[in-house]
Amino acid sequence: MRNTRYAPTGMVCTVDHLASAAGIAALDRGGSAADAAIAANAVLAVTSPHMCGLGGDLFALVHTPDPQPPGHHGPGHHTAGHHGPGRHEPIHSGRGKGGAVYALNASGRAGSGADPERLRAEGHRDMPYRLDVRSVPVPGCVDGWLALHGRFGRLPLDELLAPAVRLARDGFPAAPLLVPRVREIADLPGAGDFAGVRAAGDRVRRPGVARALEAVARSGRAGFYLGEFGEGLLELGGGEYTRADLERVNADWVEPLRVRAFGHDVWSAPPNSQGYLLLLSLGVLDGLELPPSPSHASWAHALAEASRVAAYDRVALLHEHATGLLSPAEIERRRALIGRRDLTAPTADGDTTYLCAVDGDGLGVSLIQSNAAGFGSFLFEPRTGINLHNRGIGFSLEPGHPAEYGPGRRPPHTLTPALVTRPDGSLRAVAGTMGGDAQPQILLQVLTRLLRYGQTPGEAIAAPRWRFGGGTGFDTWSRAEGAVIELEDGTRWRDGLTALGHRVSAVPGGAFGHAHLIDVLPDGTLAGAADPRALTGAAIGR
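Here we summarise the structure given alongside this text. For clarity, every value in this text was computed on a predicted model and none was experimentally measured. (Residues numbered from 1 in each chain as written. Predicted model: local features only at pLDDT ≥ 70, side-chain atom pairs only at ≥ 80, totals over all residues. Heavy atoms only, no water.)

**Quick look at the overall build of the protein**
To keep it simple, the criterion reads: The helix count covers DSSP runs of H or I at least four residues long, the strand count covers runs of E at least two residues long, and both are numbered beginning at the N terminus. For the exposure calls, accessible area comes from a 1.4 Å probe over protein chains only, and a residue counts as buried if that area is under 20% of its type's maximum, exposed if over 50%, partly exposed in between. The Shrake-Rupley method, run with a 1.4 Å probe, gives the accessible areas here. Residue values count only the displayed protein chains as cover.
In terms of helices and strands, the protein carries 16 helices and 20 strands. Sorting the 542 residues of the protein into buried and exposed places 65% on the buried side. A total accessible area of about 17900 Å² is found for the protein, and carbon and sulfur atoms account for 50% of it.

What follows is the structure, given as structure tokens:
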């Protein structure tokens with residue numbers, strides 16, 4: 001894959017060229033990278049409902065070239081009706097002389113009616129996967145947009161949402177990867193927007209989504225959570241949610257996590273995100289001797305082992321209040337487990353969308369937004385037709401588990417944004433991927449290629465991948481049958497990995513995530529790549 005390279009005026013990478021174009025248009029009008037990310041994500045919420053949307057959750061990392069004082073709202077606080085973090089509320093960051101990194105957790109909380117005993121009495125051992133509103137926490141996406149805009153936005157919100165409104169109202173061509181997913185939900189109540197979609201290019205209109213976006217632009221969060229969408233969610237919930245649940249903001253600025261690896265600081269979001277798995281596996285890998293090229297089977301072996309020892313106990317450890325996961329002693333302890341075959345392990349897949357943006361002032365945004373599994377819960381809010389995520393599948397139904405389903409709780413999340421800074425604190429890269437439980441594994445491969453082997457973004461993104469495979473894509477670390485490493489078509493590692501004792505299988509291409517990456521070169525030039533596996537992705541710069 002060829003790199004996209006531009007002078008330092010701005011770049012946006014997404015899974016859809018329509019979204020990338022909306023982000024670049026925001027930059028052209030003087031907007032920030034945060035504005036570009038919001039504009040792009042809003043378009044994706046319209047055109048890619050099989051990956052993300054207003055009914056899902058959001059995490060983001062933001063790098064600023066100059067640390068802002070706590071509570072600063074950025075240069076353009078235009079969010080009407082926003083009731084997020086106030087001017088005097090501290091904003092957490094990791095600071096250095098070359099900039100600061102901020103983390104945003106906009107993941108939703110279970111409603112006040114959440115009752116784990118009722119689910120257990122019905123015979124459930126795990127959260128319902130689909131067609132059950134109890135696996136639908138209050139969506140955090142819109143709260144995330146408003147928080148991001150409130151801190152770092154420059155342009156009025158209605159300008160940023162206008163391209164998405166236009167596409168939802170007037171229609172857009174169905175993308176090749178949307179069409180097969182539409183067949184899964186075609187006969188479900190509320191899925192009327194997708195009636196008649198048979199082939200790529202068929203026109204799709206989403207008038208209810210257009211109204212919801214216009215309500216956000218006009219009235220902020222109240223227009224969404226307390227408006228048409230909120231009323232429909234209360235109706236659908238049948239007691240799962242209260243109005244107070246919808247009044248509560250699901251966006252928090254939190255302390256980002258960091259690890260030093262390959263001479264850089266790599267950042268991710270803290271729990272309830274599984275971002276610590278990427279950082280822990282990088283910390284483990286940084287202390288291992290690696291082969292001279294990723295073409296060696298021993299390279300895939302080392303990265304797979306680092307991933308396995310980092311994540312084998314994720315189900316027990318990951319919950320919204322987890323701490324102390326990245327100490328040097330813990331990294332050393334995990335590294336010593338390499339080679340053990342009695343550790344419970346692996347699956348992958350899942351449906352999410354990742355996007356990144358960097359502007360000419362050096363602001364960088366790494367944003368990931370998701371429904372969880374495809375169209376999510378397969379439930380549609382009845383008034384706007386917005387499909388709802390099923391992130392509640394991350395909850396536990398084990399009594400007393402720290403991630404047990406319950407009122408006001410956030411579930412463990414697969415979403416793993418990533419951001420890289422140089423030792424002086426300056427921005428090196430923003431990166432991320434879809435892929436469910438496999439997100440840390442995919443990012444480990446991409447970032448190791450970039451930081452350890454000096455590959456270009458195009459080389460690192462397009463290179464063949466491995467993943468731990470099987471299952472739903474969200475139960476990797478709870479399955480007891482052992483690890484199987486799945487290889488993308490055309491990889492050269494199969495015989496070597498088998499000889500090293502791994503169980504290996506090959507699967508068709510396209511199931512190994514959609515990763516995107518923008519690299520900030522030492523002279524300030526931006527080099528970016530959108531994943532060719534997405535078919536319609538684009539890295540656009542000015």
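Still to come is the rest of the account.
**Here's the deal with the pattern of salt bridges**
Just so we agree on the cut-off: Salt bridges are defined as contacts in which a side-chain nitrogen from Lys or Arg sits within 4 Å of a carboxyl oxygen from Asp or Glu.
Within this structure, the stated rule accounts for 31 salt bridges. Across the pair R169 and D170 runs a salt bridge, and its minimum N-O distance is 3.2 Å. Overall, D170 belongs to the partly exposed group, its relative accessible area being 39%. Bridged by salt links that share partners, the residues R118, E122, D132 and R134 form one connected network.

**Observations concerning the sheet that holds strand β15 (residues 466-468)**
The line we're drawing: Between any two strands, pairing holds if DSSP finds at least two bridges. Orientation is described by axes fitted as lines to C-alpha atoms, over the contacting stretch for helices, and by angles from 0 to 180 degrees between their N-to-C directions. Contacts are residue-level and defined by heavy atoms, with any inter-residue pair within 4.5 Å sufficient.
Strand order in the open sheet formed by three strands is β15-β16-β17, with mixed pairing between adjacent strands. A strand with exactly one partner marks an edge of an open sheet, and here the two such strands are β15 and β17 (504-507). The average undirected angle you get between the axes of adjacent strands in this sheet is 35 degrees. By the bridge criterion, three bridges tie β15 to strand β16 (residues 485-488) in an arrangement that is antiparallel. Across the sheet, F468 pairs through a bridge with I485, a residue of β16. Of the strands in this sheet, β15 and β16 are in contact with helix α11 (residues 297-311), which crosses β15 at around 30 degrees.

**Observations regarding the packing of aromatic side chains**
Using the following cut-off: The criterion for an aromatic pair is that two Phe, Tyr or Trp rings (for Trp, the six-membered ring) have centres within 6.5 Å, with stacked assigned to planes under 30 degrees apart, edge-to-face to planes over 60 apart and tilted to the rest.
Applying the stated criterion across every chain yields a total of nine aromatic pairs. When the ring of F375 is compared with that of F380, the centres are 6.4 Å apart and the planes differ by 45 degrees; the resulting orientation is tilted. Owing to a relative accessible area of 5%, F380 belongs among the buried residues under this scheme. Ring pairing ties together the aromatic residues Y102, F152 and W253, which thus form one cluster.

**Focus on the state of the cysteines**
What counts here: Pairs of cysteine sulfur atoms within 2.5 Å are identified as disulfides in what follows.
With the rule as written, the count across this model stands at zero disulfides. We note that C13 lacks a disulfide partner, and the nearest cysteine sulfur, in C356, lies 4.4 Å from it. Judged by relative accessible area, which is 0%, C13 ranks as buried. Left without a disulfide partner, C141 is nearest to the cysteine sulfur of C52, which lies 7.4 Å away.

**Things to note about the environment of I338**
Structurally, the position occupied by I338 is in the loop between α13 (328-335) and β11 (351-359). Between the C-alpha atoms of I338 and E305, which are 33 residues apart in sequence, the distance is 6.0 Å. Excluding its chain neighbours within four sequence positions, the residues that come into contact with I338 are V284, L288, E305 and V309.

**Things to note about the nonpolar core**
What counts, and what does not: To form a nonpolar core, buried Ala, Val, Leu, Ile, Met, Phe, Trp, Tyr and Cys residues must be joined to one another through side-chain atoms within 4.5 Å.
If you look at the biggest cluster of nonpolar residues, it comprises 85 residues, and the most contacted ones within it are L54, W145, L148, F194 and F224. With twelve residues, helix α2 (residues 33-47) is the single largest residue contributor to this core. Ignoring anything within four residues of it in the chain, the contact list for L54 reads A45, P139, C141, V142, W145, V209, A212, L213, F224 and I386. Residues V309, L443, A460 and L487 belong to the second largest nonpolar core, which totals 56 residues.

**Remarks on helix α7 (residues 207-225)**
Note the threshold: Expected span of a helix: the number of residues minus one, times 1.5 Å. Axes are fitted to the seven residues ending at a residue and to the seven starting at it; the angle between these axes is taken as the bend at that residue.
Between its first and last C-alpha, α7 extends only 18 Å over 19 residues, short of the 27 Å set by a 1.5 Å rise per residue. Along its length, α7 shows its largest kink, about 145 degrees, at S219. Every buried residue belonging to α7 is among G208, V209, A210, A212, L213, A215, V216, G220, R221, G223, F224 and Y225, and all of these are buried. Among the structural elements, α2, α4 (141-152), α5 (157-170), α8 (228-237) and α9 (243-247) are those in contact with the buried residues of α7.

**Topic: α2**
For clarity, the cut-off: Whenever two N or O atoms come within 3.5 Å, that pair is a polar contact, provided that in protein one can donate a hydrogen and the other can accept it, and provided that, for residues adjacent in sequence, both atoms are side-chain atoms.
Relative to the 21 Å expected for 15 residues at 1.5 Å per residue, α2 spans 21 Å between its end C-alpha atoms, a close match to the ideal helical length. Most of α2 sits out of view: 15 of its 15 residues are buried. Among the residues of α2, the N-terminal cap falls to S32, whose side-chain oxygen and the backbone nitrogen of A34 are separated by 3.3 Å.

**Looking at the side chain of H63**
Looking at the secondary structure, you find H63 in strand β3 (residues 57-64). Its relative accessible area of 1% is what places H63 among the buried residues. Within the structure, H63 has its side chain in polar contact with the backbone oxygen of G425 (distance 2.9 Å). Those residues in contact with H63 that sit more than four places away from it in its chain are G98, G99, A100, V101, G362, L363, G364, L419, T421, G425, S426 and L427.

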